[in-house]
Amino acid sequence: MDILDALVAILNYVVVPATAYGAQLALGALGVTLIYGILRFSNFAHGDTMAFGTAMVILVTWAFQAAGISFGPLPTALLALPFGIAATAALVLGTDKLVYSYYRKVRAAPVVLTMVSVGVMFVMNGLTRVVIGVDEIKYDDGARFLISAREFKAATGLAEPLAIRSTQAITLVTAALVVAALFWFLAKTRTGKSMRAFSDNEDLALLSGINPNRVVAVTWVIAAGLATIAGTLYGLDKSFKAFNYFQLLLPVFAAAIVGGLGNPLGAIAGGFIIAFSEVAVTYAWKKVAIYLIPGFEPEGLLQLLSTEYKFAVSFTILIIVLLFKPTGLFKGKSV
């Protein structure tokens, strides 16, 4: 029984939350890698794009709730998601027209576009705070748990509980559907093939008659959709606070770079690598050790880092990858 309790503890406190978190990071990293692969610059405003999109979803969710509209056992935010994506797409397309298009026209170096995105990041961060405020917001409604801790313990007789929140299951299902739809779009549709051709060789794509403005617009819309979905799922799973998404930029970029910047498969793998690393390093393993080693009573929590330093894990992994394998695990484009 002690071994089963140890396994349940690992599932409950490491595997389940890290899997949901990894799916959220993977979606965010896909947006980063899409912008880098096609528009050829690192978009530092992506975290705040996630924040703005989530803020729009929350505002529409509140409007639906005030009108008595719900989604049954599912969060109302899922109904509001298309409206949030539309608002975010409009924002990034407007930003591209007002800001980025000029630098593309003069063929500015990628590092210049990256620095411009830093300025856009601060503007978007301020805009989000003005629109929705700086307080922490919880907006998940509907059924709370697929499996509750009390029901699990009663059914199994184990000492350790296992709880799976509905938002965690929704995250995994939504992420799987979004990733499948994205890969189908890139591989099977004419627009998707045009985007891939533009990414591989811009000059040859232009000679082939591909409309660069259309490719750029579609790229921004897809990136806005991925950012809004990732941000909304993260907020549902945890909570929304604008500054948290500013911090989330580090693990999202780490995921994209670890997997291989510009490589969609790498972004997905990187998301889960970063998530499991963060959760495993900041988890207190004392309870698991006691179950597995009879009579063992450690003095400390057997926790390598406290949760306040979880982003240090992402930063450390990022530095190691940049030093020893800058193209990432899946051989994307070096930074």
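Bear in mind the structure is a predicted one, so any value in this text is a computation, not a measurement.

Caption draft 1: Spotlight on the packing of helix H3 (residues 77–105) against helix H9 (residues 212–237). Interaxial distance between H3 and H9 falls to 8 Å at its minimum, and their mutual angle equals 135 degrees. By the angle between their directions, the pair H3 and H9 is classed as oblique. Seen along the crossing, H3 lies across H9 with a hand that is right-handed. Within the contact between the two elements, H3 uses Ala-77, Leu-81, Gly-84, Ile-85, Thr-88, Ala-89, Val-92, Leu-93, Asp-96, Tyr-100 and Arg-104 and H9 uses Val-216, Ala-217, Trp-220, Val-221, Ala-224, Gly-225, Thr-228, Ile-229, Thr-232 and Leu-236.

Caption draft 2: Seen up close, the packing of aromatic side chains. Counted according to the given criterion, the structure contains 12 aromatic pairs. On the basis of an interplanar angle of 25 degrees and a centroid distance of 5.6 Å, the ring pair of Phe-243 and Phe-246 is categorised as stacked. Of the two residues, Phe-243 and Phe-246 both sit in helix H10 (residues 242–259), 3 residues apart, roughly one turn of that helix. The class of Phe-243 is partly exposed, set by a relative accessible area of 37%.

Caption draft 3: Molecular detail of a positive patch on the surface. Together, Lys-188, Arg-190, Lys-193 and Arg-196 make up a region of like positive charge exposed at the surface. Of all the elements, helix H7 (residues 190–200) adds the most residues to the positive patch, at 3 residues. By relative accessible area, which is 59% here, Lys-188 ends up exposed.

Caption draft 4: Just the environment of Ala-87, in detail. Secondary-structure assignment places Ala-87 in helix H3. Taking the C-alpha atoms as reference points, Ala-87 and Thr-156, 69 residues apart in sequence, are found 47 Å from one another. Those residues within four positions of Ala-87 in sequence are excluded, and the remaining contacts are Phe-52 and Met-56.

Caption draft 5: A look at helix H1 (residues 2–39). Look at H1: 53 Å from first C-alpha to last across 38 residues, which is about the 56 Å you get at 1.5 Å a residue. In H1, a bend of some 40 degrees at Leu-11 exceeds every other bend along the element. With 28 of 38 residues buried, H1 is to be regarded as a mostly interior element. One or two steps after H1, the chain reaches Arg-40, where phi turns positive at roughly 65 degrees.

Caption draft 6: The pattern of salt bridges, seen in detail. Per the stated rule, a full pass over the model turns up 5 salt bridges. Among the salt bridges present, the one from Arg-165 reaches Asp-237, with a minimum N-O distance of 2.5 Å. Separated by 72 residues along the polypeptide, Arg-165 in strand E2 (residues 164–165) and Asp-237 in helix H9 bring together distant segments of the chain. Of the residues examined, Asp-237 reaches a relative accessible area of 7% and is grouped as buried. Where salt bridges share partners, they join Arg-165, Asp-237 and Lys-238 into one cluster.

Caption draft 7: Layout of the side chain of Thr-228. Inspection of the secondary structure puts Thr-228 in helix H9. For Thr-228, the side chain forms a polar contact with the main-chain oxygen of Ala-224, separated by 2.8 Å. Residue contacts for Thr-228: discarding those within four places in its chain leaves Gly-53, Thr-54, Val-57, Leu-81, Gly-84, Ile-85 and Thr-88.

Analysis parameters
Residues numbered from 1 in each chain as written. Predicted model: local features only at pLDDT ≥ 70, side-chain atom pairs only at ≥ 80, totals over all residues. Heavy atoms only, no water. Axes fitted to C-alpha atoms, helices over the stretch in contact; angles between N-to-C directions. Helix = DSSP H or I, 4+ residues; strand = E, 2+ residues; numbered from the N terminus. Parallel < 35°, antiparallel > 145°, perpendicular 65-115°, else oblique. Left-handed = near helix turned anticlockwise from the far one by under 90°. Contact = heavy atoms within 4.5 Å. Phe/Tyr/Trp six-rings, centres within 6.5 Å; stacked < 30°, edge-to-face > 60°. Buried < 20%, exposed > 50% of the residue type's maximum accessible area, 1.4 Å probe, protein only. Patch = residues over 30% accessible without salt bridge, like charges linked within 9 Å, V, L, I, M, F, W, Y side chains within 5 Å. Areas by Shrake-Rupley, 256 points an atom, 1.4 Å probe, with all protein chains shown as cover. Salt bridge = Lys/Arg side-chain N within 4 Å of Asp/Glu carboxyl O. Lys, Arg positive; Asp, Glu negative; His and termini not counted. Charge placed at Lys NZ, Arg CZ, Asp CG, Glu CD. Expected span 1.5 Å × (residues − 1). Bend = angle between axes of the 7 residues up to and from the residue. Polar contact = N/O pair within 3.5 Å; in protein donor to acceptor, adjacent residues only side chain to side chain.

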